[in-house]
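Spelled out from the first residue to the last, the chains are:
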Amino acid sequence: MDTTPYKDQMQKATSYLEHEFQSLQIGRASTGLVENITVQASYGDMKIPQVANVTILDAQTLKIEPWDKKESKNIEKAIYDAEIGLAPQNEGDYVMIKIPPLTQDRRTEIARKIKIMWEDTKAQLRQIRQDGMKTTKKLLDDKEISEDQNKINENNIDNLVKDFNTQVDNLVKIKSEEIMKL
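Residues numbered from 1 in each chain as written. Predicted model: local features only at pLDDT ≥ 70, side-chain atom pairs only at ≥ 80, totals over all residues. Heavy atoms only, no water.

This part is about the nonpolar core. With 21 residues, the main nonpolar core has M10, L17, F21, L24, I110 and I114 as its most contacted residues. For this core, the secondary-structure elements that each account for two or more residues are α1 (4–22), α4 (104–141) and α5 (147–181). The element best represented in this core is α5, accounting for eight residues. Filtering out sequence-adjacent residues up to four positions away, L24 remains in contact with L33, I110, K113, I114, M117 and K175. The next biggest cluster of nonpolar side chains, apart from the first, holds 19 residues, and it includes A41, V51, V54 and I99. (Core = buried A, V, L, I, M, F, W, Y, C linked by side-chain atoms within 4.5 Å. Buried < 20%, exposed > 50% of the residue type's maximum accessible area, 1.4 Å probe, protein only. Helix = DSSP H or I, 4+ residues; strand = E, 2+ residues; numbered from the N terminus. Contact = heavy atoms within 4.5 Å.)

Below, the structure written as structure tokens:
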């Protein structure tokens, strides 16, 4: 049995976790903080990078310049509505965001979010493992593979899950340490 589809699914789950980490407000400017925020623009709902240029001015400041200057108010409202702990300042032609320094309460809240993301990713990996085990069991029941091949398939899937669990654990550990150091 080819484990590539399961490996691809596990890689997607891990990549999604990394992507979610980028959107965490950890006390320094990152375009990832606003890239998933949807703006109700005059021409439809769009993500901020689709309606504006997002730049990092310094470690604590983001500048969002809409291509249509009339969208500044909509961008400002979308950021407020996203409730991500940022206070945008509409300067007319652009929106400035000053990233506040992390307080201990905010660090604890972010650590809690990281733990939830970690648990969700682990649950996804377990589900993928179960799907793989069901597939190899079905192949065995349908007499398409031998008992020995079934054991090999199960071991391959288990090893794959162990590798990805280790990778996810390391990502979470690194991010948690980063949050506490800032």
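That was the structure; now back to the text.
Relative to the helices and strands, D68 is located in the loop between β4 (61–66) and α3 (72–82). Given a relative accessible area of 23%, D68 falls into the partly exposed group. Along the chain, D68 and V51 lie 17 residues apart, while their C-alpha atoms are 7.6 Å from each other.

Let us now look at the pairing of β4. Burial analysis of β4 places five of its six residues in the buried class, the great majority of the element. Strand direction decides the pairing type here: strand β3 (residues 52–58) and β4, joined by six bridges, are antiparallel. Note on β4: the bridge partner recorded for I56 is L62. Where β3 folds back on β4, the antiparallel hairpin that results is connected by two residues. Of the strand pairs in this sheet, β4 and strand β6 (residues 95–98) are connected by four bridges, and their pairing is antiparallel. Residue pairing across strands places I64 opposite V95, the latter belonging to β6. (Pairing = 2+ DSSP bridges.)

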